[in-house]
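Each chain, letter by letter, is given below.
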Amino acid sequence: MSPAPDLATHIKELRRRRQIEEESDEELIPPTPPDQAGDIPVENESAPESPAPLNVEGAWAAVGFAVVLVVVGLPVWWRTTTVYRAPLPYSAVEELSGLRRLHFIPVTVLAERRADGVPFAAALKSQLKKPGPAQYHIHSRGLLKPQEVAVRGASSLTELVEDVLQTTVLHSGTLTLLLLSSSALLNPHQIHVTTSNLVILAPHADVSAVASVLKAIALDVPIGEKQSVALRGSYRPPIPPPHKVVSEPHYSLTLTLMLPEPHAFHAHWQPAAAVAAYLRPLLDQLEKIQLRVSVRCQQLYMTPLSGIEPQWQQEHSHYAVLHHQLPLAINAIEAKLGSFVSTDPALHFIVYVPPREHSPLRIHASDGAPLPSNSFVVPRWGGVIIHNAPSHNSSTLAEGPLAFPLNTHFVMTTVLSQLHELLPVPRLKSTPTVSVAAMQTPELSQWQLDALARARVTQYYQSTATTLQSLHELVGEISNMVVSEEVAGRVWQSVSEWEACGEAIQEGRLREASLYCTHAHEHAHAAFFHPSMLALLYFPDNQKYAIYVPLFLPVSIPVLLSFKMLFSLAKYYLRPGSKEAKCD
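Residues numbered from 1 in each chain as written. Predicted model: local features only at pLDDT ≥ 70, side-chain atom pairs only at ≥ 80, totals over all residues. Heavy atoms only, no water.

## Side note on the overall build of the chain
In step 1: Counting its regular elements, the chain contains 17 helices and 16 strands.
In step 2: Long-range contacts, defined as pairs at least 24 residues apart, comprise 78% of the intrachain contacts of the chain with a sequence gap of at least 6.
In step 3: Put simply, the chain shows about 33,100 Å² of open surface, and 58% of that area lies on carbon and sulfur atoms. (Helix = DSSP H or I, 4+ residues; strand = E, 2+ residues; numbered from the N terminus. Contact = heavy atoms within 4.5 Å. Areas by Shrake-Rupley, 256 points an atom, 1.4 Å probe, with all protein chains shown as cover.)

Here it is, written out as structure tokens:
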């Protein structure tokens, strides 16, 4: 029995047999025809390397993502983030801002002797040709038959004024001069200014004095002020005095009775009746020139005027406080007056009853003399009236609070005087040659009302120009500021009213100019302070980058990589033989 073969010898034998079988199979394969030789690759021939396999599904997915982002995402993002800007009238604002508007004031000279009217009108016209904020149109004519009868039949100046006003139609914004043939009714004056738009002149009246009076009546130019804007060689728009309030369509007027010691004094006051008798006629008159004032009354207790130290004046037997110290006491009580109850500009008028330790209290001027009104005005704020309680002693106060009525006439007339001083109401004082008729009611005279309307129109016209120019500059400097249709509509409306106001000014239509300028000012103010305009006012560009970069940077990286796969897919389909390979 022969020994078994080892494992290594057996493996070698199996390999030899497999090699022999493979060689025999190759010999049995028939030769390839010549026409099919190109279809079967030969192992020994050198062939170019095939490209790496491409993930077609992934490439198409990347292409779809990129297309959706570019075709849909970018337009939606552009549409939702584009700053909308409605068209604004830039050229109209620039054009209107460069125009010079002068108040057109018709002046009619009514001459009792027709021959005196023509030379007087010519001389007056030459005096009023100097540069100023107004353009006077002067013409003269004789008296009509009713006017002639009224002038010749008058026995006093008062009767003359009444009769002439009954026979003469005086329009708002105009001035009428009545040139008499005799000065008997005017002696010793040369010029008499009535409460209407009528000025009565003596035959020998100085023309230059008449021109000064007309300027003062029309535009609040003080008589005799050599450096007034109306007398300068070059005219500049007038600036409101620092003590005047800024012209606004609405004001909130507050009457406050301050009693620092209600346990000692009890003041009886009926504010509703006082307002109806003294303030209401004036407020109704101011509404004619688009000025509306709302009134409210209140009482404050235990609130003294702090910050002042009255000193006893043995010479006058009362406590005295200097005039310049009083405005400092307003800061302490400002928060208690309730200015926050209305968004309108506030005017405060305080009636202050001093405490026992400082009673009686009087205000002294800088020269040490007591002020007759015992009141003071705070510029652009209001005024304070000191109303002392009646004489009393310790025994009287021991019985309880001293009750006394307020002097309503003194308080309300002082309030009216202070209100006239705060508003741009012109004042004309009598002189040796000029007499001025005083109003017997709380209302303004007609020429005062017209002058106030002209001053407000001038301020409104300038304020509207400044507001619209500032708005256009702001929109030009801040590129991402939204200009909505509402804002643009208000701007266009303001420009339209502004242009109409300028035309009314030059044509002498004062009431219409007041209406147009008020509306133009309100529209311009509302457009400038619109909430949509203020939303992006303090939104700088670096904040935009801080918001958009973290949002778009993670999204943009896959998009950029998808373009690489897009190029690979295009290269795959554009290479030769790609269609045959796809069909196989």
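Back to the text.
## A closer look at the pattern of salt bridges
In step 1: Scanning all chains against the criterion turns up seven salt bridges.
In step 2: Taking the shortest distance from any N to any O, the salt bridge between Arg509 and Glu512 comes out at 2.1 Å.
In step 3: The exposure class assigned to Arg509 is partly exposed, which follows from its relative accessible area of 27%.
In step 4: Connected through shared salt-bridge partners, Glu507, Arg509 and Glu512 make up one network. (Salt bridge = Lys/Arg side-chain N within 4 Å of Asp/Glu carboxyl O. Buried < 20%, exposed > 50% of the residue type's maximum accessible area, 1.4 Å probe, protein only.)

## Remarks on the packing of helix α4 (residues 114–127) against helix α7 (residues 207–219)
In step 1: It is the contact of α4 with α7, at a shortest axis distance of 9 Å, that shows an interaxial angle of 60 degrees. Put simply, α4 runs oblique to α7. Considering how the two elements wind past one another, α4 and α7 form a crossing that is right-handed. Residues Phe120, Ala123, Leu124 and Gln127 of α4 form the contact with α7, whose own contacting residues are Val207, Ser208, Val210, Ala211, Leu214 and Lys215.
In step 2: Its residues placed into classes, the contact of α4 with α7 shows seven nonpolar, two polar and one charged. (Axes fitted to C-alpha atoms, helices over the stretch in contact; angles between N-to-C directions. Parallel < 35°, antiparallel > 145°, perpendicular 65-115°, else oblique. Left-handed = near helix turned anticlockwise from the far one by under 90°. Nonpolar A, V, L, I, M, F, W, Y, C, P; charged D, E, K, R; others polar.)

## Details of the sheet that holds strand β11 (residues 346–352)
In step 1: In space, the five strands of this open sheet follow the order β8-β6-β11-β14-β13, with mixed pairing throughout. Bordering the open sheet on either side are β8 (292–301) and β13 (375–378), each of which pairs with just one other strand. Adjacent strand axes in the sheet meet at a mean angle of 15 degrees, parallel and antiparallel pairs treated alike.
In step 2: The sheet contact formed by β13 and strand β14 (residues 382–386) spans four bridges and is antiparallel. Its bridge partner lying in β14, Phe376 is registered against Val384.
In step 3: Across the sheet, helix α8 (residues 271–286) is in contact with β6 (250–259) and β8; its angle to β8 comes to roughly 155 degrees. (Pairing = 2+ DSSP bridges.)

## Let's talk about the state of the cysteines
What makes a disulfide is a covalent bond joining the sulfur atoms belonging to two cysteines.
In step 1: For the structure on display, the rule yields one disulfide.
In step 2: Two residues share a disulfide in this structure: Cys501 and Cys517, whose sulfurs sit 2.0 Å from each other. Across the disulfide from Cys501 to Cys517, rotation about the S-S bond amounts to roughly -65 degrees, and the bridge is consequently left-handed. Separated by 16 residues along the polypeptide, Cys501 in helix α13 (residues 485–507) and Cys517 in helix α14 (residues 510–528) bring together distant segments of the chain.
In step 3: For Cys517, a relative accessible area of 1% puts it in the buried group. (Disulfide = S-S within 2.5 Å.)

## Overview of the nonpolar core
In step 1: Counting 42 residues, the largest nonpolar core has Leu255, Leu257, Leu279, Leu286, Phe349, Met412 and Leu423 as its most contacted members.
In step 2: Only β6, β7 (265–268), α8, β11, β15 (402–405), α11 (408–422) and α12 (446–477) provide two or more residues apiece to this core.
In step 3: Ranked by the residues each element gives to this core, the list is headed by α8, at seven residues.
In step 4: In this view, Leu286 contacts Leu291, Leu423, Leu444, Leu449 and Leu452; residues no more than four positions away in its chain are not counted. (Core = buried A, V, L, I, M, F, W, Y, C linked by side-chain atoms within 4.5 Å.)

## Remarks on the environment of Leu300
In step 1: Along the chain, the position of Leu300 falls in strand β8.
In step 2: Along the chain, Leu300 and Leu257 lie 43 residues apart, while their C-alpha atoms are 6.2 Å from each other.
In step 3: In this view, Leu300 contacts Thr256, Leu257, Met258, Leu259, Lys336 and Leu337; residues no more than four positions away in its chain are not counted.

## A word on unusual backbone geometry
In step 1: That bond from Asn187 to Pro188 is cis: its omega, 5 degrees, falls within 30 degrees of zero.
In step 2: One can find Pro188 in the loop between β3 (175–179) and β4 (191–193).
In step 3: In the segment running from Ser359 into Pro360, the intervening peptide bond is cis, with an omega of -5 degrees.
In step 4: Within the secondary structure, Pro360 is located in the loop between β11 and β12 (361–364).
In step 5: Phi at Asn374 is positive, roughly 50 degrees, even though this residue is not glycine.
In step 6: If you trace the backbone, Asn374 turns up in the loop between β12 and β13.

## A few points about the sheet that holds strand β10 (residues 318–322)
In step 1: Here we have three strands laid out as an open sheet, ordered β9-β10-β12, and mixed in their pairing. Strands with a single pairing partner mark the edges of an open sheet, and in this sheet they are β9 (311–313) and β12. Recorded for the sheet is a direction-independent mean angle of 45 degrees between the axes of neighbouring strands.
In step 2: Bridge count between β10 and β12: four bridges; the pairing is parallel. Considered in β12, the bridge of Tyr319 is made with Leu361.

## Observations regarding the packing of aromatic side chains
In step 1: This structure, assessed with the given rule, holds four aromatic pairs.
In step 2: Residues Phe265 and Phe404 carry aromatic rings whose centres are separated by 6.5 Å and whose planes lie at 80 degrees to one another, so their mutual orientation is edge-to-face. Pair noted here: Phe265 is in strand β7 and Phe404 is in strand β15, with a separation of 139 residues, a long-range link.
In step 3: Look at Phe265 and you get buried, because its relative accessible area is 2%.
In step 4: Judged by its relative accessible area of 3%, Phe404 is buried. (Phe/Tyr/Trp six-rings, centres within 6.5 Å; stacked < 30°, edge-to-face > 60°.)

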